[in-house]
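Reading the structure
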Amino acid sequence: KIHRELERNIQASNGDSCMKIYITFNSDNKMGDYTHINFTSFNDNWHDVLHASVEDAEATDVVVDGVLSYLALEDASAFLHAVARKLRHKGCLTVHGVNAYEVAKDFAQYKLTIEQFNQLMYGVNGEQRSGITLAGLREFLRDELSLTIVRQSVDQYHYVVEAQRP
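Below is a summary of the structure that appears in this document. (Residues numbered from 1 in each chain as written. Predicted model: local features only at pLDDT ≥ 70, side-chain atom pairs only at ≥ 80, totals over all residues. Heavy atoms only, no water.)

**A word on the sheet that holds strand β1 (residues 19-24)**
Taken in spatial order, the 6 strands of this open sheet run β2-β1-β3-β4-β6-β5, and their pairing is mixed. What marks the edges here is a single partner per strand, and that holds for β2 (35-38) and β5 (148-155). Strand-to-strand, the axes of this sheet are offset by a mean angle of 15°, without reference to chain direction. Two elements, β5 and strand β6 (residues 158-164), share 7 bridges in a ladder whose sense is antiparallel. Note on β6: the bridge partner recorded for Thr-148 is Gln-164. Sheet contacts for helix α3 (residues 73-86): β1, β3 (59-65) and β4 (87-98); angle to β4, the most-contacted strand, approximately 145°. (Pairing = 2+ DSSP bridges. Helix = DSSP H or I, 4+ residues; strand = E, 2+ residues; numbered from the N terminus. Axes fitted to C-alpha atoms, helices over the stretch in contact; angles between N-to-C directions. Contact = heavy atoms within 4.5 Å.)

In structure tokens form, the structure reads like this:
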């Protein structure tokens with residue numbers, strides 16, 4: 001059922017030649033003309049859903065918003081590899097998340113309470129599984145996925161990294 005809904009959504013948005021995907025975790029937020037995929041609907045079969053939703057080298061733009069910290073580190077790596085395969089040449093991947101370095105630094109300097117630290121690192125219900133740093137993500141995108149870092153920013157504890165497929 002999930003596969004059919006995703007295929008219908010993608011076919012409906014495929015009127016133009018630009019395939020734009022917005023992947024969130026447990027959020028119904030929409031973004032312009034992007035096809036929205038809620039990561040929680042993937043359950044454990046995100047490989048199949050992503051493969052059925054988008055052909056390799058089809059997407060011009062993929063935004064991954066707050067998903068990586070909900071995956072074990074090795075799964076986050078596999079997920080990013082799968083997403084990068086979906087990018088066209090010159091396609092952009094934008095990743096939003098919590099910068100574990102900034103959170104840990106401020107906690108160590110007593111700028112965050114244990115409750116604030118736990119909420120940022122582990123989520124409200126403790127469902128987050130990994131802490132990713134901006135530096136580590138940037139290095140992974142560049143060295144493992146051979147993407148070019150276009151821009152990056154940090155706003156207190158949250159990062160945004162945009163990378164492009166050559």
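**Topic: the packing of aromatic side chains**
Scanning the model with the defined rule gives 3 aromatic pairs in all. A centroid spacing of 3.6 Å and a plane angle of 5° characterise the contact between Phe-25 and Tyr-70, whose relative ring orientation is stacked. Separated by 45 residues along the polypeptide, Phe-25 in the loop between β1 and β2 and Tyr-70 in the loop between β3 and α3 bring together distant segments of the chain. Judged by its relative accessible area of 23%, Phe-25 falls in the partly exposed class. (Phe/Tyr/Trp six-rings, centres within 6.5 Å; stacked < 30°, edge-to-face > 60°. Buried < 20%, exposed > 50% of the residue type's maximum accessible area, 1.4 Å probe, protein only.)

**Brief notes about the side chain of Glu-102**
Position of Glu-102 among the secondary structure elements: in helix α4 (residues 100-108). Given a relative accessible area of 19%, Glu-102 falls into the buried group.

**Considerations on the pattern of salt bridges**
Enumeration over the complete set of coordinates arrives at 5 salt bridges. Here Glu-102 makes a salt bridge to Lys-105, at a shortest N to O gap of 3.2 Å. One end of the pair, Glu-102, and the other, Lys-105, are both in helix α4, 3 residues apart, so they sit about a helical turn from each other. The class for Lys-105 is partly exposed, based on a relative accessible area of 31%. With a shortest N-O distance of 3.1 Å, Arg-151 and Glu-162 are connected by a salt bridge. One end of the pair, Arg-151, is in strand β5; the other, Glu-162, is in strand β6, and 11 residues separate them in sequence. Its relative accessible area of 17% is what places Glu-162 among the buried residues. (Salt bridge = Lys/Arg side-chain N within 4 Å of Asp/Glu carboxyl O.)

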